[in-house]
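What the coordinates show
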Amino acid sequence: MNFTIQNVLIATGENYTCTDVQIVEGKITAIAPNLDVVGTVINGSNKLLLPGLINAHTHSSEMWQRGVMSALPLELWLAELYDFAPLDTEQVYLSALGTAAETLFSGGTSVVDHLVLIPGQELATIACAVRAYQEIGIRAFIAPLIQDESLTAGIPTGETTANHEPFFRTTAATLEIIEAAVQQFHRPEEGVSILVAPTGIQLCTDALFEGCIELSDLYNICRHSHLLETKAQAKLAQEKYGCSAVTHLKQLGYLSDRTSLAHCVWLEDADIAILAETQATVVHNPLSNLRLGSGIAPILKYCQAGVNVTFGCDGASSNDSQDLLEAIKIGSILHNVTDFDYRHWITPQKAIEMASLGGAKGLNMAEQLGSISLGKQADLVLYDLTNLSLLPRTDPIGLLVLGRPTNVVDSAWVNGKQIIANGQVTTINVDELRQELFNRSHWTTKRQSQTVAEIEAHYRSVMGL
Ligand SMILES: [Zn+2]
């Protein structure tokens, strides 16, 4: 579809200019005032055009438990999450749609879904997420979440000798599932990519990481993982490897310019140097880190070391929303308290660049996505600057990032296809989605997790509580 956006505000560094933007066959073909009209005319007056942002780490099916999770640190929180994960594939489909819709309504046009797989229905789970993302039209990077150790292996043993149940599926069988997923669903030109995504060093063997590296090289696909989200994981890495998790992943060969790593809260300076050297991307999930008490990732240190950083919402059970602009706001100003030198603080313009081009870099798509540039794919978002939350008129990006923008997305396109128009999703019926989410859930009160009861004493003792 071809179209011309007229008289729209775009950012040029710290300033703005009013211009026309022409899109032909999904690509940006001209940016200049008073262009000849090609295709449909879109009125850009009093609107701001930005590249689509990237929700670079989430777990869509966590939507079913948002709002109800206990105040627990990650290791215990996960136990509760899995005790009450009531998933069927239809729920996976609906929560993927919900995650996509909330991402779109907060400026995102791409989502990285570190997708929790239903045991025994792994490929069916992925198929449902693919169907949802293709129907709504968001650009999807599906990273099937895999592990090959059982939950208790993720907690440091301390002085005890721990015996963990073996994981229910072999490492080889898990890798076969991922290879099948790549063959069946990896279609970047159709907006769906598959990533290899071991959950993290806390629940994965070296063999699983090595198998993922092989698949990544064989099929030219990106790599994703959680990394050092909690203090317990940093402690576990020392027990497991006798060195930091980052050093170990570097030795395995997992870190690269197409590797994105969620959280990165507990890194030392030497680890940061390794991320800079290997050109891996850090995905900052500030709301989740606050909600689970994981800590504050040293984002300003990453930026100063030249590490590429972008933002994610993380799953909605540790957030408890999928508002990307909210994650960007908190993820920017949170660091004003960690670094007294205000010259290092993240400006709104920088935050938007991190959330767009930074996200694209981490997905090995910086040539195709992440900025309003000639030849790039038209993943674009048009914001209504007459919306009450963006008034009075000041600095549009400043207010978009630092304010509390509400219903400000007027239009969004992915690869030139319009999926939001006049503030409404055009591809799916959002009212029906609301009805389904309502019908398939119920008001919930405090729950008792059996697994938390079993492992809490050990966790407290090993963490010195
Ligand atoms: Zn996560």
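As the structure is a prediction and not an experimental result, all values here were calculated from the model. Once a new chain begins, its residue numbering starts again from 1 and follows that chain's sequence as written. Under the rules for a predicted model, residues below a pLDDT of 70 receive no local features and side-chain atom pairs below 80 are neither given nor counted, while totals for whole chains, interfaces and linings still include all residues.

1. Some points on the overall build of the protein chain
Defined as follows: Under the scheme used here, helices are H or I runs from DSSP no shorter than 4 residues and strands are E runs no shorter than 2 residues, and both carry numbers assigned from the N terminus. Restricting the calculation to C-alpha atoms gives the radius of gyration, and the globule rule supplies 2.2 Å times the number of residues raised to the power 0.38. Here a residue counts as buried when 20 or more other C-beta atoms fall within 10 Å of its C-beta, as exposed when 12 or fewer do, and as partly exposed in between; the C-beta atoms come from the backbone.
For the protein chain, the helix and strand inventory stands at 15 helices and 17 strands. Here the C-alpha atoms of the protein chain give a radius of gyration of 22 Å, agreeing with the 23 Å that 2.2 N^0.38 yields for 465 residues. In terms of principal-axis extent, the alpha carbons of the protein chain reach across some 70 × 50 × 45 Å. The 465 residues of the protein chain split such that 52% are buried.

2. Overview of the sheet that holds strand β6 (residues 53-58)
For clarity, the cut-off: Should DSSP find at least two bridges between two strands, the strands are taken to pair. What counts as an axis is a line fitted to C-alpha atoms, over the stretch in contact for a helix, and the angles between N-to-C directions run from 0 to 180 degrees. Contacts are defined on C-beta atoms placed from the backbone: any two residues whose C-beta positions lie within 7 Å are in contact.
Here four strands make up an open sheet; going across it, the order is β6-β7-β8-β9 and the pairing parallel. The strands lining the two open edges of the sheet, one partner per strand, are β6 and β9 (192-194). For this sheet, the mean angle separating the axes of adjacent strands, direction not counted, is 15°. In this fold helix α2 (residues 89-105) packs onto β6 and β7 (108-113), with an angle of close to 140° to the strand it touches most, β7.

3. Some thoughts on the sheet that holds strand β10 (residues 223-227)
Spatial strand order, β10-β11-β12-β13: four strands in an open sheet with parallel pairing. Either end of the sheet is taken by a strand with one partner, and the two such strands are β10 and β13 (308-311). Direction aside, the axes of adjacent strands within the sheet are offset by 30° on average. Of the pairings in the sheet, the one linking strand β11 (residues 259-263) to strand β12 (residues 281-284) comprises three bridges and is parallel in character. Paired with S260 across the bridge in β12 is T281. Sitting on the sheet, helix α12 (residues 348-362) is in contact with β11, β12 and β13, with an inclination near 115° to β13.

4. Some words on the domain arrangement of the protein chain
Selection rule: Where each domain starts and ends follows an automatic or database-derived domain assignment. Residue polarity is assigned by list, with Asp, Glu, Lys and Arg as charged and Ala, Val, Leu, Ile, Met, Phe, Trp, Tyr, Cys and Pro as nonpolar; anything else, Gly included, falls into the polar class.
The domain boundaries assigned to the protein chain delineate domain 1 (3-50 + 374-428) and domain 2 (52-362). One C-alpha centre belongs to domain 1, the other to domain 2; they are set 29 Å apart. Each partner contributes residues to the interface: domain 1 has 22 residues there, and domain 2 has 22 residues. Taken together, the elements giving at least two residues each to the side of domain 1 that touches domain 2 come down to β14 (380-384), α13 (396-402), β15 (409-414) and β16 (417-421). No other element matches the five residues that α13 contributes to the side of domain 1 that touches domain 2. Residues of the side of domain 1 that touches domain 2, tallied by class, amount to 16 nonpolar, three polar and three charged.

5. Focus on the pairing of β6
In terms of burial, β6 is largely enclosed, as six of its six residues are buried. Pairing of β6 with β7 involves four bridges; the strand directions are parallel. Residue pairing for β7: T58 is matched across the bridge by D113.

6. Comments concerning helix α11 (residues 324-333)
Structural remark: α-helix, 3.6 residues per turn; residues separated by three or four positions point the same way. Of all ten residues making up α11, seven are buried, and the element is well covered by its neighbours. Those residues of α11 not exposed but buried are L324, L325, A327, I328, K329, G331 and S332.

7. Section: the pairing of β10
In terms of burial, β10 is largely enclosed, as five of its five residues are buried. Burial along β10 is two-sided: R223, S225 and L227 and H224 and H226, pointing in opposite directions, are all buried. In the sheet, β10 pairs with β11 via five bridges, with the strands oriented parallel. Across the sheet, residue S225 finds its bridge partner in β11, namely L261.

8. Side note on the packing of helix α3 (residues 122-136) against helix α4 (residues 171-185)
Rule in force here: Here a crossing is taken to be left-handed if its near helix is turned anticlockwise relative to the far helix by less than a right angle, and right-handed if that turn runs clockwise.
Contact geometry for α3 and α4: axes closest at 10 Å, N-to-C directions at 35°. Classified by chirality, the crossing of α4 by α3 is right-handed. Contact residues: α3 offers E122, L123, I126 and V130, while α4 offers I177, A180, A181 and F185. Split by residue class, the contact of α3 with α4 holds seven nonpolar, no polar and one charged.

9. A word on the nonpolar core
Condition: We define a nonpolar core as a collection of buried residues of the types Ala, Val, Leu, Ile, Met, Phe, Trp, Tyr and Cys that are connected via C-beta atoms lying within 7 Å of each other.
Of all hydrophobic cores here, the largest spans 137 residues; its most connected members are L49, A100, L104, A129, Y133 and I142. At nine residues, α2 tops the list of elements feeding residues into this core. Two domains each donate at least three residues to this core, and these are domain 1 (3-50 + 374-428) and domain 2 (52-362). In this view, Y133 contacts A96, A100, I138, A140 and V192; residues no more than four positions away in its chain are not counted.

10. Remarks on the packing of α2 against α3
Relative orientation of the contacting elements α2 and α3 amounts to 35°, with a least axis distance of 8 Å. In this structure, α2 crosses over α3, and the sense of that crossing is right-handed. For the pair α2 and α3, the contacting residues are T89, V92, Y93, A96, L97, A100 and A101 in the first and A124, T125, C128, A129, R131, A132, Y133 and I136 in the second. Here the residues of the contact of α2 with α3 are counted per class, giving twelve nonpolar, two polar and one charged.

11. What about unusual backbone geometry?
Note that the residue after N319, namely D320, is joined by a cis bond; omega there is 5°. Considering the arrangement of structural elements, one finds D320 in the loop between β13 and α11. Unusually for a residue other than glycine, N407 sits at a positive phi of about 50°. With respect to the helices and strands, the residue N407 is situated in the loop between α13 and β15.

12. Quick notes on the environment of L292
Position of L292 relative to the elements: it lies in the loop between α9 (286-291) and α10 (299-305). Between the C-alpha atoms of L292 and V41, which are 251 residues apart in sequence, the distance is 47 Å. Aside from chain neighbours lying at most four places away, what touches L292 is P73, L74, W77 and S318.

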